[in-house]
Each structure stands twice: as structure tokens, then as C-alpha cells.
Amino acid sequence: MIADQKYWNPVLETLPRERIRDLQLKKFKRIFQWAYDHSEFHRNLYQKAGLGPGDIRSFEDIRRVPKVEKAMMREIQCKDPFPYGDALCVPLEEVTAFRQTSGTTGQPVYQPDTWQDWEWWAECWSYILWAQGYRAKDRVFIPFGYNVFVAFWAGHYAAEKIGCEVIPGGVLDTQARILKIKELRATAMMATPTYILGMADTARNKLGIEPSELSINKITCAGEPGASIPSTKKRMETAWGARVYDHAGATEIGAWSYECRNQPGGIHVNEAFFLVEIEDLQTGEFIQEPGRRGKMIITALDRQAQPCIRFDAKDVIEWDPNSCDCGRTFRLIKGGVLGRSDDITKVKGVLLAPAAIEAAVRGIDGLGDEYEVVVDKLGDMDRIKLKVELIPGSEDSAKAIEAQLKDQLRLKTNLAFRIEFYDYGRLPRYEVKAKRFKDLRKKNTNNK
Amino acid sequence: MDDPIDLNSINAKIQGIKKTTEELKHLGYNFPALSRNADRILASIKMLEINITDCIDLDSPE
């Protein structure tokens, strides 16, 4: 029975490590040649570095290939061929889909794809969904706005490819989506962790429906690191009575990684389709060994219209020293994407990754899911404040909760926070990516 | 125990349908329904190639 098969691709997902490396090197040479031959942007970049296709013979040579940053893509777009600029590797008439980045870090970047690229996107997602147990018997609800953001579009197509029945949750509001899940007995869904928790809250408090009594048995998350933060994952799994799986992807890159059903505390890199390198955040030194955090440099080995070659994704990751019991030979990223290098900021001289705050808040039972962090200055001194909500019924425990929260925050961040409690429902709710970190020190000085 | 996967034999069939589809596309130069559907089939065939053909071609020179 095909549904009993563990792997989407039993050959590639179990390929011996040395063969995976051979495959990556071969495919890197191919995509480098493609970009060099078809894009003026890439050709100029590589010629300036004194590199041509014949110069790529080893992984050491790959590390000499100039990196591409989002700012470079912003700079070329809106020029000819309009609106993508000269990184485009195909004639405009072969572009069949437009998407753009969310613009979280500035002007959105446009992403053209050919029909082959869209087949590839769906193929990447097929690895994800199959590894997470999606099969033809599943009825998948996708509560996503189906717009210019790539988000779950490819998840939709991949679910169809696997044979699932897909319900597009499009323009429905949250309550209507929950009622549709109930009406159709959907078994799986895909959304950001913020929205998964928000839906559970709406189900309970606005509709009187206990989400764990609905029929959802698995949830695939994207867009935020929450599904790899144990306390957030636990909250989602408890609320919905479902297994929650992480995956990481990006508009300019593709869907490059996935958590498997073993939930090994990390995500597998799809190394047959992507080459992931890790660089030290300060020195840029190449990191090969597990346990050292760095910045991800990634290559999509098969993307055609606008190639993604040694893209500086700003994601902070580290290799896991352990392999996964699932039998996949694709390496694991420990704890998923830990944050973004441009989100990591110094407060009182201490490096702070916002995900650590989420881990503390969501690990305490009397607190709601929402929180907000505000950093500002009093004179020359940094101050950091955490706004949280008490869940109804836990008001009498506020003092004990505050002490527990302060302890956890100090343990996870080495910082002393001021805590402000708010009535349940007072903090902002988000439908897609949440903006919970406010650094007022940068106000009026940072217009990136 | 599962049967061993004969990648070479699978690949031969992939290359066969690719060749046939390219011929169909060529015949469809003035027949949009033939040409555009052949294009879509070729994109799907490319997915078979990156799943199978790329893997067995590892030892061959580029």
C-alpha cells in the first residue's frame, strides 16, 4: 500500500551521506551554470569575483561564490525586465506566477516562478506533508488568505498531489473557518503558530467549541519558529488534540526543511533539493560541526526563473549532532530556526533572541498565549518590559506567576524584565506573522 | 521485504515519455491545447528527473 510507505522518495531521503554530498555538488554546478548563462545579474556578480562555471569543482569553491542578500534583490527589481530586473533567467512570457515577500524587514521582494518552479514548490511541500503523515484519506483545511504571499499556496498544491481533499479557507473569518472545520470534519490544517493558538482561543471563547474535540489530528506550521519551541508546540498540541509539526521555508528560497513524524526536536533539511551552509555570525567562518549557532546561507538547487544561490537568509540555525530515528539521512537543524540574525539584538549588553521570551511565556500555565516585549532607554540605560495576559481564573496567582516568569526569563535570557499584567484579550491578536517585539531605542534612527 | 527499486529501468521510461512529450510539443506549434499541455507535462517530467534521474546520473560527467 502506497499510504504505508514512510518516505515520499525512498531513494533520496535515505541516500548515504557521501552520495548526498556528490548530488549537491553536481546540482550546484548545474544551477551556477544556469544562472551564469541566463542572468546578467548573476553573471556580473560572478565575473567580478573572478569566477566562471568551470571554477566550481568542490565545496571549497562553492564557498568562494558571492552571497546574495535581500537588499541586492530589492535594488534590481522594477528595472527591466519589469518588474523583476536582470536576475530573471527566463523570458517574461515563461513566468506564470508572481509572489512577494511579506516585507517584514523592508520593501517586499518580488518572486517570479515558471510553471516548472511551481511544480517544484509543490514537490518540496510533498516531502514535508508525506513525512508528517498526510495521506489521500486526509481532508486538509487551509485557513490562509490566498494572496500575493507564498505562505501555504504550495502546501495546497502538494496536498492535492498527495491525493488529499483540500478545503481552501480563503476569505472566511476565523469563526467561519472553525465552523467549516467542524462541518466538514477536516483532519489536518496548516497555519502560523500565532493563528493556530488564536483559532483555539476563538473556538473556546466565541463559539463555545473545544478545539480538541474537533477532528483535526495534525497541523503543519510555518512562518514563525513556534512549532519548534517546545512550550508553544505543547500548547498547540494540547489545545487541538493534534500532532503539530514545523517546517521552514521562504519566498525567495522554497520550502527547504521539515519536521518528521518522529518529532526529533529539529527539522530535516531537504538536502537533495537545497544546500545549507552555516556561517559564524561575527566572523563569517564556515561552521560544519554541530552545536554552534550561525547564519544560514542557502542554495535552492533546482529553482529556475529567479535562482536562489548562496542566499544570505539571516536565519540563525545550528546542526544537530544526532541523526533521526526515522531513517532519513538528511541532516537535522536542532530546534528549528532559532531566530533571525537581524532580530537578535543587544539589551543591556546581552544578546537577546526573542524566541527565548516566547519559550518562557508559553511554558507557564496561568499565562495566555499573547505577549509583547518593549525595549526602550531611560537615559543611557536599556530597559526591557514584558506585557502578558493572565488567563481567566488565574488572577489570584499573579504574584507566584510573576516570580516564576522572572526566574524563567533570567534563566533563558540573562536579563531582568519588568512584567506588566493585562486583562485577558487586551493585547493585540495577529492572523499571520505576529509583531510582538518593539524596540523603541531604534525609533527615528532606523529607516531600513 | 520491498522489491529493490530499479532506477535505471524507471529512468529509461522517464526519458521515453520526455522524448514523446517533446515531440508532441513540437507538433503543437500552431495548436495551443497541444503545446501548452505538453509544457505542463514536461514540468511534471522534470520533477521525475529531480527525484530519480539526478540520483542515478551521479557518476556520469556533466
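Before any of the text, the structure's been laid out above.
So, a few notes on the structure that sits alongside this text. (Residues numbered from 1 in each chain as written. Chains lettered and ligands numbered in written order. Predicted model: local features only at pLDDT ≥ 70, side-chain atom pairs only at ≥ 80, totals over all residues.)

## Topic: the pairing of strand β8 (residues 247-250) of chain A
Residue and element names in this part refer to chain A. Burial along β8 is two-sided: the face carrying His247 and Gly249 and the face carrying Ala248 and Ala250 are both buried. Strand direction decides the pairing type here: β8 and strand β9 (residues 254-258), joined by four bridges, are antiparallel. Looking at β9, one finds that Ala248 is bridged to Ser257. Two successive antiparallel strands, β8 and β9, enclose a turn made up of three residues. (Buried ≥ 20, exposed ≤ 12 C-beta atoms within 10 Å, placed from the backbone. Helix = DSSP H or I, 4+ residues; strand = E, 2+ residues; numbered from the N terminus. Pairing = 2+ DSSP bridges.)

## Re the packing of helix α8 (residues 193-207) of chain A against helix α9 (residues 230-240) of chain A
All names here are of chain A. It is at 10 Å that the axes of α8 and α9 come closest, and there the two elements cross at 35°. Pair α8 / α9 crosses with left-handed handedness. Where α8 abuts α9, its residues Pro193, Ile196, Leu197 and Ala200 lie against Thr232, Arg235, Met236, Ala239 and Trp240. Residue composition of the contact of α8 with α9, by class: seven nonpolar, one polar and one charged. (Axes fitted to C-alpha atoms, helices over the stretch in contact; angles between N-to-C directions. Left-handed = near helix turned anticlockwise from the far one by under 90°. Contact = placed C-beta atoms within 7 Å. Nonpolar A, V, L, I, M, F, W, Y, C, P; charged D, E, K, R; others polar.)

## What about the packing of α9 of chain A against helix α10 (residues 354-362) of chain A?
Residue and element names in this part refer to chain A. Across the interface, α9 lies against α10 with an axial gap of 7 Å and an inter-helix angle of 45°. By the angle between their axes, α9 is oblique relative to α10. Of the residues in α10, those touching α9 at Ser231, Thr232 and Arg235 are Glu358, Ala359 and Arg362. Of the residues contributing to the contact of α9 with α10, the split by class is one nonpolar, two polar and three charged. (Parallel < 35°, antiparallel > 145°, perpendicular 65-115°, else oblique.)

## Considering the sheet that holds strand β16 (residues 339-340) of chain A
Residues and elements named next belong to chain A. Spatially, the five strands line up as an open sheet ordered β12-β11-β13-β14-β16, and their pairing is antiparallel. Sheet topology places β12 (286-287) and β16 at the edges, where each strand pairs with a single neighbour. As judged from the four bridges shared by strand β13 (residues 294-300) and strand β14 (residues 311-317), these two strands associate in the antiparallel manner. Bridge assignment links Lys295 to a residue of β14, and that residue is Val316.

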